[in-house]
Structures are given as structure tokens and as C-alpha cells.
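# Structural description and commentary
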Amino acid sequence: MGRVVIGVDLGGTNLRTAILSPEGELLERHKEATHAADGWARVVERLTENIKRLRDAAMGRGLEVAAVGVGAPGVIRGDKGIVVKSPNFPDWNNVPLKDQLEEALGVPVVIENDANAAALGEQWRGAGKGISSMILLTLGTGVGGGIILDNKIWHGADGMAGEIGHMTLVPDGRPCTCGNVGCLEMYASARGIVQSYHEALGNRASGSPITSEQIYDAARSGDKTAVHVMEEMGRMLGIGIASLINIFNPERIVIGGGVKEGWPLFIEATRKEIMKRAFEVPAKRTDIVPSQLGDDAGMVGAAAKALEQARTA
Ligand SMILES: [Zn+2]
């Protein structure tokens, strides 16, 4: 019987599951609302049902599920398979997700932080193919990060490494949801862009664009304020990336998330800032490219983890 894996992206909004071949081919997929407010027990139950349904579908194709990988938001103890805490699931405290799923499914399960999973996904099947040291930055509502060094996710002592969005850029800057002020996330996320635009307009702000997409549109049609806001955002991103380059000397930096839609509006400013600030040799060699997998990255990366688990088990 051929062996496959199941990858799961357990998001605060959507629950994505898929069957992947060992070569990373997506054989079957499913997406539904997570309903995080139903509480952790019901979410885990729904997740289990989804995985079982996919496993049945795999069996129907004569395929056996060798392992399941789950990407979940928040603080994950991957070694123990525990979701310690998650901003998207307020009632999740030390949920033993791996044990619960393994008991229900009878196959090995591996849990990874969602941003790290997305980095693994891009490395396996997307913009980081063949790259052993790369960093993924996901510029969405917030800013997520995953650091892969020599083909391994850098987890850190508490499994909390890679929080690139909370690198301090402005000592007395905008208050961040993490409790710090002046974090990269407050300037390079969709929310940060909207805030910058409103700040730039000052009391002329009434009736102005309210979404980041509208700001990209305004910039594309030549709105000077919007153009400037996007360049400043690019500059802040460049300051952050210059530090990453100096510290990690990655081969590639992959940028994903919704803000990627505004790519031509900020990337030049980002590159200029990097060349100004980072050491010349690593700055020149680091490719900065857009992500390729979009919303699939986390699910695909979780499957990559599952495959690794199945190989070592
Ligand atoms: Zn922060």
C-alpha cells in the first residue's frame, strides 16, 4: 500500500486539511471554518473528524496515512506536542494536542507552530526549494516569522524563536499587542500600513481608504501619501531584514502574507535599506522573494513535518 501524509493548518478562522504524497503532491484537500469560539474540545473533535474523513478517502485510493502534521498558532512545545497558549484560541491552555489526536487516530502526530510550518512548506514545495537556510516573513494582519537554519526550524529554548514581528524598531514607537512598543509588526503589517496612512493624513483622514488593499490601489494610481506610506513601510521592513541578514546570513528571505500584494510598492525601499545597513557580502547574496504557496504553506509544511516523522519512526 502506498504511503501518504496528512497536513493540517489549524487557523483561528479556517481549518485546512490535505493528503499529500511523499513527493509533496496535493492529492485531496478540505477547508472549513474553525469556529474557535466553540472551545478547544469541540475544535479538536472537529479536527479529528476531518482527518478521519481524509484518511478514509486515502484508503479508498489504496493509500495508507503514515503520519499527521498539524500547524497551530501560538506557543507550541513541539517535543511534547502541546499547545501551551494561543492568541487565536483563548481557552487553550497546555492542550495535549498530539496525545489527543494520536489516541483518536492511531497514527503518529507531530505539532508545529503555524509560522514555522509555513516556512517549512515554502522550503519544501514553494519559494525556498533547495535552500537550506532561509527565513519566512508573513506580513498579514500581524507579522509572523519562521527561521530555518541548515534545514532545521530554529525553535529556541522555549519553542518561541522566530517572532520576527516583535523585533523592536522604534524605541518609543506604537504600542504592540505583545506588550512592547515599536515592534516591526506595528509598521510592516496590514494594520501598520493602515495606521501609517491615517497618521499621514492627520485630520484630513475622514473618508480616506480604510483597508491596506485600498492603500495599495491609491499608491498605484499615484496618491502621494499612499506612495510615501508604502515606501516607509518598505524601509522599516528593510531595517528589520538587515538585522536578520547580519545575524543569520540566510541564503533567501521569503515574504508572504496579504501585504505581498503591495510588493512593487515597497520592495525597492526594502532592498535599498538592506544595502545601506547590512554587511555587503551577505546582503548581496540574500535573495528576497515573494512566497509561492499562499494560504497552503502552513498545511504543506505540516505535511513535511509528518513525512519526517514517518521516516524516523
Ligand atoms: Zn510586539
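So, a few notes on the structure that sits alongside this text. (Residues numbered from 1 in each chain as written. Predicted model: local features only at pLDDT ≥ 70, side-chain atom pairs only at ≥ 80, totals over all residues. Heavy atoms only, no water.)

## What about the coordination of the zinc ion?
For a metal with four tetrahedral donors the ideal donor-metal-donor angle is 109.5 degrees, whereas six octahedral donors ideally subtend 90 or 180 degrees. Protein-derived coordination of the zinc ion comes from His-166 (ND1), Cys-176 (SG), Cys-178 (SG) and Cys-183 (SG), at a distance range of 2.0 to 2.3 Å. Here the zinc ion is ringed by 4 donor atoms whose angles at the metal span 103 to 120°, and the overall shape comes out tetrahedral. Look at where the donors of the zinc ion fall in the sequence and you get H-x9-C-x1-C-x4-C. Given the relative accessible area of 8%, Cys-176 is considered buried. Since its relative accessible area comes to 42%, Cys-178 is described here as partly exposed. (Donors = N, O, S within 2.8 Å, 3.2 Å for Na, K, Ca; no water. Tetrahedral: all angles 85-135°; square planar, octahedral: opposite > 155°, others 65-115°. Buried < 20%, exposed > 50% of the residue type's maximum accessible area, 1.4 Å probe, protein only.)

## Some words on the environment of Ala-226
Among the secondary structure elements, Ala-226 is positioned in helix α7 (residues 224-248). Taking relative accessible area as the criterion, Ala-226 reaches 0% and is therefore assigned buried. In this structure the C-alpha to C-alpha distance between Ala-226 and Gln-214, which are 12 residues apart in sequence, comes to 9.3 Å. Leave out the neighbours within four places in its chain, and Ala-226 touches Tyr-197, Ile-215, Ala-218 and Ala-219. (Helix = DSSP H or I, 4+ residues; strand = E, 2+ residues; numbered from the N terminus. Contact = heavy atoms within 4.5 Å.)

## Quick word on helix α10 (residues 297-312)
Taking 1.5 Å of rise per residue, the 16 residues of α10 would be expected to cover 22 Å, and the 23 Å separating its terminal C-alpha atoms lies within 8% of that figure. Counting buried residues in α10 gives 12 out of 16 residues, a clear majority hidden from the surface. Taken together, the buried positions of α10 are occupied by Ala-297, Gly-298, Met-299, Val-300, Gly-301, Ala-302, Ala-303, Ala-304, Lys-305, Ala-306, Leu-307 and Ala-310. The inward-facing, buried residues of α10 abut β1 (2-10), β2 (14-20), β3 (26-33), β4 (63-72), β8 (109-113) and α3 (114-125). (Expected span 1.5 Å × (residues − 1).)

## A word on the sheet that holds strand β13 (residues 287-290)
The mixed open sheet is built from 5 strands, whose spatial order is β11-β10-β9-β12-β13. Every interior strand has two partners, whereas the edge strands, β11 (152-153) and β13, have only one. One ladder, built from 4 bridges, connects strand β12 (residues 252-256) with β13; its direction is parallel. Looking at the pairing, Ile-253 lines up with Ile-288 of β13. Strands β9 (134-139), β10 (143-149), β12 and β13 of the sheet are contacted by α7, whose axis makes an angle of about 155° with β9. Running at roughly 165° to β13, helix α8 (residues 263-277) makes contact with β12 and β13 of the sheet. (Pairing = 2+ DSSP bridges. Axes fitted to C-alpha atoms, helices over the stretch in contact; angles between N-to-C directions.)

## Quick notes on the pattern of salt bridges
Taken as a whole and assessed by the stated rule, the structure comprises 19 salt bridges. Note that Arg-235 is salt-bridged to Glu-273, the shortest N-O span being 3.4 Å. Taken as a pair, Arg-235 in helix α7 and Glu-273 in helix α8 lie far apart in primary sequence, 38 residues in all. On the basis of relative accessible area, Arg-235 is assigned to the partly exposed category, the value being 30%. Among the residues examined, Glu-273 registers a relative accessible area of 4% and is labelled buried. Each of the salt bridges in this network shares a partner with another, and the network as a whole consists of Glu-232, Arg-235, Glu-273, Lys-276 and Arg-277. (Salt bridge = Lys/Arg side-chain N within 4 Å of Asp/Glu carboxyl O.)

## Some details on the sheet that holds β3
Pairing in this open sheet of 5 strands is mixed, and the strands run β3-β2-β1-β4-β8 from one edge to the other. Bordering the open sheet on either side are β3 and β8, each of which pairs with just one other strand. This sheet shows a mean twist of 20° between the axes of neighbouring strands, independent of strand direction. When β1 meets β2, the two strands line up antiparallel, connected through 6 bridges. Of the residues in β2, the one forming a bridge with Val-5 is Leu-20. Those strands touched by helix α2 (residues 97-105) are β1, β4 and β8, and its axis lies near 150° from that of β8.

## As for the environment of Arg-285
Along the polypeptide, Arg-285 turns up in helix α9 (residues 280-285). Under the relative-accessibility criterion, Arg-285 is labelled partly exposed at 45%. With 234 residues separating them along the chain, Arg-285 and Ile-51 place their C-alpha atoms 41 Å apart. With residues up to four places along the chain from it excluded, the contact list for Arg-285 reads Asn-249, Pro-250 and Glu-251.

## Some remarks on the packing of aromatic side chains
For the structure on display, the rule yields 2 aromatic pairs. Here the aromatic rings of Phe-89 and Trp-92 are separated by 4.6 Å at their centres, their planes lie at 35°, and the arrangement is tilted. Given the relative accessible area of 1%, Phe-89 is considered buried. (Phe/Tyr/Trp six-rings, centres within 6.5 Å; stacked < 30°, edge-to-face > 60°.)

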